[in-house]
Amino acid sequence: MDPSEIWLRRWHDVRPGATSRAFLRGKPSTYEWLADHARPGDRVLDLACGDGALLSLLRSYGIQSAVGIDMSEGELAAARARLGQEAILVQGRAQALPFEDSSFDLVTCHLALMLMRPVEEVLAEVRRVLRPGGTFAAVVGGRIAAPTEDAWTMLVRRLREEPFEGPSIGDPRTYGEEGLRELLQPFVNVRIEPIHVDLSGTPDEVLALFRETYDVTRMVPARVSVLEEALRADWQALLRPDGMLPCSMGVRRITAATEAFR
Ligand SMILES: C[S@@+](CC[C@H](N)C(=O)[O-])C[C@H]1O[C@@H](n2cnc3c(N)ncnc32)[C@H](O)[C@@H]1O
């Protein structure tokens, strides 16, 4: 198994729900965008379901047959607490899905595909478990230029100067549209759209996001405090009269289908 997978699993075991804490308040909602692909009666797999934020939304949309899979027991325990005993939650790796061929009409994946290696194995598994003519809908983090300078661009600039220890994560081809199109070649009707998710908040709220990024958790606490002070100073010029900081994160929304006949 790739060392980054072991690192990621431990990370999520001790910090379940970090992604939903940030993105449930994002505008537009990337969870809603994914849930909107489900039709009544669809069998849905939420790949790398984390603490079950998307599964909960699917349930509120009346989707009865949704399954979540994640490799992190910590995330799955949080999902169980959110969704209750009746939820179908499976521990497993996206590279080896424990499901029959053609078991799902829709596979969703929120902010996880860019962490997975080898990503080709994951996409082959997604194709295998989707029925012919099924849909894969994913939201993927990546390198997307921000339209204007905001709290997040300043934060990324500061982080670039920091040395990090530990394994590299994911496949860099998922960070850009060209690489994604190459990886998604076995699918049809591929659509990729960059968007910016508004995560504006008070400086404390934005710092809470910062503290739960993979990079920051690899830094020594004293260094994090120094960086936070520097960021608070950087952000003074951006603060709105209502005390809020503009902050957005670029992601790509992807839809792809399996061929109707195979
Ligand atoms: C950034 S979190 C996103 C969680 C959830 N989709 C959400 O957006 O709220 C990434 C999730 O992917 C899971 N994950 C990463 N690589 C995985 C793999 N190869 N197989 C299964 N789960 C994986 C992690 O355990 C973690 O829960």
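None of the values given here were measured: they were computed from a predicted structure.

1. Re the sheet that holds strand β6 (residues 188-198)
One open sheet holds the 7 strands; their spatial order is β3-β2-β1-β4-β5-β7-β6, and the pairing between them is mixed. Among the strands making up the open sheet, the edge pair consists of β3 (88-91) and β6. If you compare each strand with its neighbour and ignore which way they point, the axes differ by 15° on average. Across the sheet, helix α4 (residues 53-60) lies against β1 (43-47), β2 (65-70), β3 and β4 (104-110), angled at about 180° from β2, the strand it touches most. On top of the sheet, helix α6 (residues 119-129) reaches β1, β4 and β5 (130-141); it is set at about 145° to β5, its chief contact.

2. What to know about the pairing of β5
Relative to β5, β4 is paired through 6 bridges, and the arrangement is parallel. By the bridge assignment, H110 is partnered in β5 with V139. Crossover handedness for the path β4 to α6 to β5: right-handed. In the sheet, β5 pairs with strand β7 (residues 248-257) via 7 bridges, with the strands oriented antiparallel. Among the inter-strand pairings, V140 is bridged to a residue of β7, identified as R252.

3. Quick notes on the packing of helix α7 (residues 151-160) against helix α11 (residues 221-235)
Close contact between α7 and α11 brings their axes to 10 Å; oriented N to C, the two are set at 140°. It follows that α7 is oblique to α11 by the angle criterion. In this structure, α7 crosses over α11, and the sense of that crossing is right-handed. Residues A151, M154, L155, R158 and L159 of α7 form the contact with α11, whose own contacting residues are L227, A230, L231, D234 and W235. Among the residues making up the contact of α7 with α11, the classes are represented as 8 nonpolar, no polar and 2 charged.

4. Details of the packing of aromatic side chains
If you walk through the whole model with that rule in mind, you get 4 aromatic pairs. For the ring pair F99 and F104, a centre distance of 5.2 Å and an interplane angle of 90° mean the geometry is edge-to-face. Three or more aromatic residues link up through ring pairs in this structure, and these residues are W7, W11 and Y214. Lying over the aromatic face of W7, R218 brings its terminal NZ or CZ to 4.5 Å of the ring centre.

5. Digging into the nonpolar core
Counting residues in hydrophobic clusters, the biggest one holds 86 residues, and the most contacted among them are F136 and W235. Non-local contacts of F136, meaning those with residues more than four positions away in its chain, are made with V107, C109, L113, L123, V126, L130, L184, F187, I254, T255 and A256.

6. So, the site of the ligand
In the vicinity of the ligand lie 21 residues, with Y31, A48, D70, A94 and H110 positioned nearest. Between the ligand and Q95, the relevant distance is 3.0 Å, taken from a nitrogen atom to a side-chain nitrogen or oxygen of the residue. Here H110 contributes a side-chain N or O atom positioned 2.5 Å from an oxygen atom of the ligand. Contact with the protein chains hides 97% of the accessible area of the ligand, taken as 590 Å² for the molecule alone. Each residue belonging to the shell around the ligand can be placed in one class, and the counts come to 10 nonpolar, 8 polar and 3 charged.

Conventions adopted
Residues numbered from 1 in each chain as written. Predicted model: local features only at pLDDT ≥ 70, side-chain atom pairs only at ≥ 80, totals over all residues. Heavy atoms only, no water. Pairing = 2+ DSSP bridges. Helix = DSSP H or I, 4+ residues; strand = E, 2+ residues; numbered from the N terminus. Axes fitted to C-alpha atoms, helices over the stretch in contact; angles between N-to-C directions. Contact = heavy atoms within 4.5 Å. Right-handed = clockwise from strand over helix to strand, strands pointing away. Parallel < 35°, antiparallel > 145°, perpendicular 65-115°, else oblique. Left-handed = near helix turned anticlockwise from the far one by under 90°. Nonpolar A, V, L, I, M, F, W, Y, C, P; charged D, E, K, R; others polar. Phe/Tyr/Trp six-rings, centres within 6.5 Å; stacked < 30°, edge-to-face > 60°. Lys NZ or Arg CZ within 6 Å of the ring centre and 35° of its normal. Core = buried A, V, L, I, M, F, W, Y, C linked by side-chain atoms within 4.5 Å. Buried < 20%, exposed > 50% of the residue type's maximum accessible area, 1.4 Å probe, protein only. Near = heavy atom within 4 Å. Polar contact = N/O pair within 3.5 Å; in protein donor to acceptor, adjacent residues only side chain to side chain. Areas by Shrake-Rupley, 256 points an atom, 1.4 Å probe, with all protein chains shown as cover.

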